[in-house]
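What follows is the residue order along each chain.
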Amino acid sequence: MKKILGPIAPMCIALLLAILNLTSAQAWDRGNVDLFAVLPPGSTGPEGLAVGPDGNVYVATFGFNTVGEVAGPGQLYVFGDNGKLIRQVSVAGSSSHLLGMGFHPTTHALLIIDFGNSKVLTVDPKTGLSSVFMMLPPTATGAGLNALTFDAAGRVYVSDSFNGTIWTTGAGGGVAASFVSSPLLTTTGVPPFGANGLGFNKAGNALFVTNTGNDTIVKIPVTAGLAGTPAVFVNSINGADGLVIDSSDNLWVAANQGDEIVVVDPTGKAIAKLGDFNGVDKKGVPQGLLFPASPDFSKDGNFLYISNLALDLRVIGLVESVDSQWAAQVQSYTISRIKARIPSSGQ
């Protein structure tokens, strides 16, 4: 027996070491998910999130809790970079259903999507006073305005999850025009939101849009401010929601059904999967990511903040997802923070 195993043993050991080395090189180092902030009692699930020019974290809520819909007006929360609540304001004249938000790169105005009223509002982050920044043309019905972004010229782009359209307007707002419409920006999947998070690459020649229900990212070529033909850039991000693009053109995408952040390089390759869900504690506080919705980088670029919508799909009339029963246990809604680094194992 020893004679038979003698020459085979070194080969087996070498093969085993090769397998272990391969596994190590391909493993995802998910890192740690820090609890950055807990929203005050009575809050609903946070969706929109943006880091302001002052470094503070601005969060708007979607207007649903574990019981169901909550009446307006919508709420805006401002946290310092230490996670402490600075203020809470009611957004005047809004519905309770606020979604994407961002600070205009040249005017510095805070824009917040009022999903319930199909408008984009300019909001004073200190008082909550608001005015209509963008409205849709009368022919646009059944809209589901979701997320927004800006190009280098200061134009504003807003995704419409239900009509499969990206709307646009100038820096001064007004009635929106269609930038592009495509079946690739609609969905029959779950959750039933098509076009969602969006952002331009560094060159400004491509607009990337997540499609939540289809689990895709769609790439739209842009030439001289005009949209080309949309095409699927990559598949299989489970519930692709908000996205933010870093200085190397990597796309950081909140996978709301995967409870993770997926980082995709400019070629479409997944180079990191960060964060995870670790249950709900006895006080009803989610541990880790639970239905992550909107990511944004800290002002110094060292951290990524993520809103945890923690949405039980049953409260909006849908069949439960695998996380719905966990979401039903939530008593306090949270913002998470992770280190904005791509582990070497993901390269």
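Residues numbered from 1 in each chain as written. Predicted model: local features only at pLDDT ≥ 70, side-chain atom pairs only at ≥ 80, totals over all residues. Heavy atoms only, no water.

Caption draft 1: Just the overall build of the protein chain, in detail. In terms of regular secondary structure, the protein chain is built from two helices and 28 strands. By the compact-globule yardstick of 20 Å for 347 residues, the protein chain fits well, its C-alpha radius of gyration being 21 Å. With the principal axes as the frame, the protein chain shows a C-alpha extent of 85 × 50 × 40 Å. Considering only contacts in the protein chain between residues 6 or more positions apart, those separated by 24 or more positions represent 51%. Summed over all atoms, the accessible surface of the protein chain reaches about 15100 Å², with 56% contributed by carbon and sulfur. Positive and negative charge centroids in the protein chain, built from 19 and 24 side chains respectively, lie 9 Å apart. (Helix = DSSP H or I, 4+ residues; strand = E, 2+ residues; numbered from the N terminus. Rg over C-alpha atoms; globule rule 2.2 N^0.38 Å. Contact = heavy atoms within 4.5 Å. Areas by Shrake-Rupley, 256 points an atom, 1.4 Å probe, with all protein chains shown as cover. Lys, Arg positive; Asp, Glu negative; His and termini not counted. Charge placed at Lys NZ, Arg CZ, Asp CG, Glu CD.)

Caption draft 2: Geometry of the sheet that holds strand β20 (residues 240-245). As summarised here, the arrangement of the four strands in space is β20-β21-β22-β23, forming an open sheet in which the pairing is antiparallel. Each having just a single partner strand, β20 and β23 (270-274) make up the two edges of the open sheet. Going from strand to strand, the sheet's axes swing by 20 degrees on average, the running direction of each strand aside. Summarising the sheet, β20 and strand β21 (residues 251-255) pair through four bridges and their orientation is antiparallel. (Pairing = 2+ DSSP bridges. Axes fitted to C-alpha atoms, helices over the stretch in contact; angles between N-to-C directions.)

Caption draft 3: Structural context of the pattern of salt bridges. Taken as a whole, this structure holds three salt bridges when the rule is applied. Two residues, Arg341 and Asp29, come together in a salt bridge whose shortest N-O distance is 3.4 Å. In this pair, Arg341 is assigned in the segment after β28 (334-339) and Asp29 in the loop between α1 (2-26) and β1 (34-38), connecting sequence segments 312 residues apart. Residue class for Arg341 comes out partly exposed when judged on its relative accessible area of 40%. Its salt-bridge partner being Glu260, residue Arg30 comes within 2.9 Å of it at the nearest N-O pair. With a gap of 230 residues between them, Arg30 in the loop between α1 and β1 and Glu260 in strand β22 (residues 260-264) connect regions that are remote in the sequence. A relative accessible area of 26% means that Arg30 is categorised as partly exposed. (Salt bridge = Lys/Arg side-chain N within 4 Å of Asp/Glu carboxyl O. Buried < 20%, exposed > 50% of the residue type's maximum accessible area, 1.4 Å probe, protein only.)

Caption draft 4: Inspection of the layout of surface pockets at higher detail. In this structure, the largest pocket spans a volume of roughly 970 Å³. Along its surface, the largest pocket is lined by 39 residues, and Leu148, Thr149, Phe150, Val244 and Asp296 are the ones closest to its centre. Elements that contribute at least two residues to the lining of the largest pocket include exactly β2 (46-51), β6 (98-103), β10 (145-150), β15 (195-200), β20 and β26 (292-297). For the lining of the largest pocket, the class distribution of residues is 18 nonpolar, 15 polar and six charged. A volume near 150 Å³ is recorded for the second largest pocket. Forming the boundary of the second largest pocket are 15 residues, of which Gly42, Thr44, Val70, Gln75 and Tyr77 lie nearest the centre. Residues of the lining of the second largest pocket, tallied by class, amount to six nonpolar, nine polar and no charged. (1 Å grid on protein atoms, 1.4 Å probe; cavity = no way out; pocket = protein on both sides within 12 Å on 5 of 7 lines; lining within 4 Å. Points joined across faces, edges and corners; volume = space filled by probe spheres on them. Nonpolar A, V, L, I, M, F, W, Y, C, P; charged D, E, K, R; others polar.)

Caption draft 5: Expanded view of the pairing of β21. Counting buried residues in β21 gives five out of five residues, a clear majority hidden from the surface. From the end of β20 to the start of β21, which pair antiparallel, there are five residues, and Asp249 there has a positive phi angle of about 70 degrees. In this sheet, β22 lies alongside β21 in antiparallel orientation, the contact comprising five bridges. Bridged to Trp252 within β22 is Val263. Connecting β21 to the antiparallel partner β22 that follows it, the hairpin turn spans four residues, and Asp259 within it adopts a positive phi of roughly 55 degrees.

Caption draft 6: Region of the structure containing the packing of aromatic side chains. Tallied over the full model, the rule gives 13 aromatic pairs. Residues Phe208 and Phe233 carry aromatic rings whose centres are separated by 5.0 Å and whose planes lie at 65 degrees to one another, so their mutual orientation is edge-to-face. Of the two residues, Phe208 is situated in strand β16 (residues 206-211) and Phe233 in strand β19 (residues 231-234); the sequence distance between them amounts to 25 residues. Here Phe208 falls in the buried class, since its relative accessible area comes to 4%. What makes Phe233 buried here is its relative accessible area of 18%. (Phe/Tyr/Trp six-rings, centres within 6.5 Å; stacked < 30°, edge-to-face > 60°.)

Caption draft 7: Summary view of the confidence of the model for the protein chain. The predicted model of the protein chain has a mean per-residue pLDDT of 93, with 91% of residues at 70 or higher. Confidence drops under a pLDDT of 50 for residues 1-5, and excluding neighbours within four residues, the segment shows zero contacts in the predicted structure. In the predicted structure, residues 22-26 sits below a pLDDT of 50 and forms two contacts with residues beyond four places in sequence or in another chain. (pLDDT = per-residue confidence, 0-100.)

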